[in-house]
Amino acid sequence: MSDDITALCEYGVQQGSTRKETGRSLLRRQGVQLCLHNAEVWFLQNGSIDTDVEQFVKENKRTVDSLYKLSINIKKIRQLKRWVLLKDVAFVEETAGFLKGLGANEITVANILEQCPEAFLQDPVVIDTQRHLWSLICSSDEELVKIIEKFPESFFVHKCPDIQRANITYLKELGLNKKIICRLLASSPQIFCNSVEGNKEIISALEDIYLTIGGSKANFKTWLMKLLSQDPFVLLKPSSALKTNLNFIQSLGFDDKEVLKLLSKLKGFIFDLNCTTMEQSILFTRTVFKCSNDDLRQMILKFPGVLYYSVPVLKDRLTCLVRGGASLDQVIQSPNVLELTTQIIEYRIKKIKLLGHEIKNHHLDILNGTKKDFEVSYGRLQVKKKRPLFNPVAPLQVDE
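Here the structure is a predicted model, which means the values were calculated and not measured.

(A) Expanded view of the overall build of the protein. The helix and strand inventory of the protein stands at 26 helices and zero strands. For the protein, with 400 residues in total, the buried portion stands at 44%. Long-range pairs, those at least 24 residues apart, make up 72% of the contacts in the protein between residues at least 6 apart in sequence. When the accessible surface of the protein is summed, it comes to about 22,100 Å², and 52% of that surface belongs to carbon and sulfur atoms.

(B) Representation of helix α7 (residues 92-101). Buried within α7 we find Val92, Thr95, Ala96, Phe98 and Leu99. Taken end-on, α7 shows its buried residues confined to a sector of 155 degrees, consistent with a single buried face. Buried-residue contacts for α7 involve α5 (61-69), α8 (106-115), α9 (124-134), α10 (141-150) and α11 (152-156). One or two residues past the end of α7 sits glycine 103, with phi positive at roughly 110 degrees.

(C) Geometry of the pattern of salt bridges. For the coordinates displayed, the defined rule picks out 14 salt bridges. Linking aspartate 65 and lysine 61 is a salt bridge whose minimum nitrogen-to-oxygen distance equals 2.8 Å. Taken together, the residues aspartate 65 and lysine 61, both in helix α5 and four residues apart, mark about one turn of the helix. Residue arginine 297 pairs with aspartate 294 through a salt bridge whose shortest N-O separation is 2.2 Å. Separated by three residues within a single helix, arginine 297 and aspartate 294 lie in helix α21 (residues 293-302), roughly one turn from each other. We classify aspartate 294 as partly exposed; its relative accessible area is 49%. Members of the salt-bridge network, linked through shared partners, are Glu59, Arg78 and Arg82.

(D) The nonpolar core, seen in detail. Core analysis: the largest hydrophobic core is formed by 108 residues, its most contacted members being Phe120 and Leu367. Setting aside anything within four residues of it in sequence, one finds leucine 367 in contact with Leu321, Val337, Leu340, Arg348, Ile349, Ile352, Ile359 and Phe374.

(E) Region of interest: the side chain of asparagine 199. Tracing the chain through its elements places asparagine 199 in helix α15 (residues 196-212). A relative accessible area of 4% places asparagine 199 in the buried class. Once residues lying within four places of it in the same chain are set aside, the contact partners of asparagine 199 are Asn167, Tyr170, Ile191, Asn194 and Leu235.

(F) Broad picture of the side chain of glutamine 122. Mapped onto the elements, glutamine 122 comes out in the loop between α8 and α9. Here glutamate 118 takes part through its backbone oxygen, which lies 2.9 Å from a polar atom of the side chain of glutamine 122.

(G) Layout of the packing of aromatic side chains. Using the criterion set out here, one finds ten aromatic pairs in the structure. Ring geometry for phenylalanine 98 versus phenylalanine 155: centroids 5.9 Å apart, planes at 20 degrees, classification stacked. Within this pair, whereas phenylalanine 98 is found in helix α7, its partner phenylalanine 155 is found in helix α11, the two being separated by 57 residues in sequence. Just as phenylalanine 98 is buried, phenylalanine 155 falls in that class too. For the pair tyrosine 210 and tryptophan 223, a centre-to-centre distance of 4.7 Å together with 25 degrees between the ring planes defines the contact as stacked. Remark: tryptophan 223 occurs in helix α16 (residues 217-230) and tyrosine 210 occurs in helix α15; sequence separation between them is 13 residues. Between arginine 317 and the ring centre of tyrosine 309, over which it is positioned, the NZ or CZ distance is 4.5 Å. Just above the ring of tyrosine 378 sits the side chain of lysine 351; from NZ or CZ to the centre is 4.3 Å.

(H) Spotlight on the environment of glutamate 279. Its place among the elements puts glutamate 279 in helix α20 (residues 275-289). Note on glutamate 279: relative accessible area 47%, which makes it partly exposed. Considered as a pair, glutamate 279 and valine 306 are 27 residues apart in the sequence and their alpha carbons are 9.8 Å apart.

(I) Representation of the environment of glutamate 375 within the structure. Summarising the element assignment, glutamate 375 is placed in helix α26 (residues 371-386). Since its relative accessible area comes to 33%, glutamate 375 is described here as partly exposed. A C-alpha to C-alpha distance of 9.5 Å links glutamate 375 and arginine 348, two positions 27 residues apart in sequence.

(J) Seen up close, unusual backbone geometry. Phi is positive for serine 71, which is not a glycine, with a value near 60 degrees. In this structure, serine 71 sits in the loop between α5 and α6 (74-81). The exposed category is assigned to serine 71, whose relative accessible area is 62%. One non-glycine residue, lysine 290, lies in the positive phi region at around 50 degrees. Secondary-structure assignment places lysine 290 in the loop between α20 and α21.

What counts, and at which threshold
Residues numbered from 1 in each chain as written. Predicted model: local features only at pLDDT ≥ 70, side-chain atom pairs only at ≥ 80, totals over all residues. Heavy atoms only, no water. Helix = DSSP H or I, 4+ residues; strand = E, 2+ residues; numbered from the N terminus. Buried < 20%, exposed > 50% of the residue type's maximum accessible area, 1.4 Å probe, protein only. Contact = heavy atoms within 4.5 Å. Areas by Shrake-Rupley, 256 points an atom, 1.4 Å probe, with all protein chains shown as cover. Arc of directions from axis to C-beta. Salt bridge = Lys/Arg side-chain N within 4 Å of Asp/Glu carboxyl O. Core = buried A, V, L, I, M, F, W, Y, C linked by side-chain atoms within 4.5 Å. Polar contact = N/O pair within 3.5 Å; in protein donor to acceptor, adjacent residues only side chain to side chain. Phe/Tyr/Trp six-rings, centres within 6.5 Å; stacked < 30°, edge-to-face > 60°. Lys NZ or Arg CZ within 6 Å of the ring centre and 35° of its normal.

Pasting the structure below:
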């Protein structure tokens, strides 16, 4: 930072005890030539910019005018990331031209630049390099536009082409198809900015663990692709967490086949489990349902949430079900109903009761599933209620 900016910063630190007029005189006397972006960032970190300082922080008129021509919501950019408008150099027309060259229409261009205004600060040469990189896994420009619109920061902000290219090559050699790699690069670009050696180490550890619990080498690639599609950030998590959690699950008496089944159901949750939380939730479940070790394992296989939901969450949902008329035996038969929040449980039970049905007379699977699944189940109940008790085309038995 230049001497002038240093002087300005010193003024800012002391501004709580120094009158604004003194600060304005200091700025004028020294003839400070503000570095616009650095000055604003400093003041945002150390206090809001008052009117005396804000007059020195001017937006780049050429940038603003270019954005207006593209019908972009500049107010939105000012609210979220105003600093981009203060930069001396911007490439608004060039970035818009690049996107249009890929086939993006004006609305799409506006959406992208509003979501990620850093995009128009990127040098066109850098953007072109990114395009060539993404073309390694994107089948068409149309597909690339859709990805950029959904994940603009993945394309414009996360840039380390050499490391990204090396990771793409490694994942291809590992056997992952382009579609999976493209999805990973879009949704979790951070893992492509890791060193290849680091990613290799984690994947190697995952393979060792998978083989240790009975998985086959031939199936590892399929298992890995499924795991990455469920939670790509597993490559950013320590493999030690997986080992610790697996050891705890095995201590409950699950065999290797059951552990593999649980891994698939737990998805990326397996890395985030906490042994203390699992112990408390298991104790609560065992106590409330009075189940044996075998019953407990079967319940966990049906509802792995026993391992990752805290006791207060499980208690609230179970209380809500019982208050709605369900019994503990019904919950044991369909424990995955505890995946639903209390609000959803209350809403669905209320709808069923409005049809004249009591939840105690139905299997709790009627409450399960997505909103669409429930509407199908609810629709069947409606049809059943409206169905006539006699066959309207059958002849009536009348005494002669």
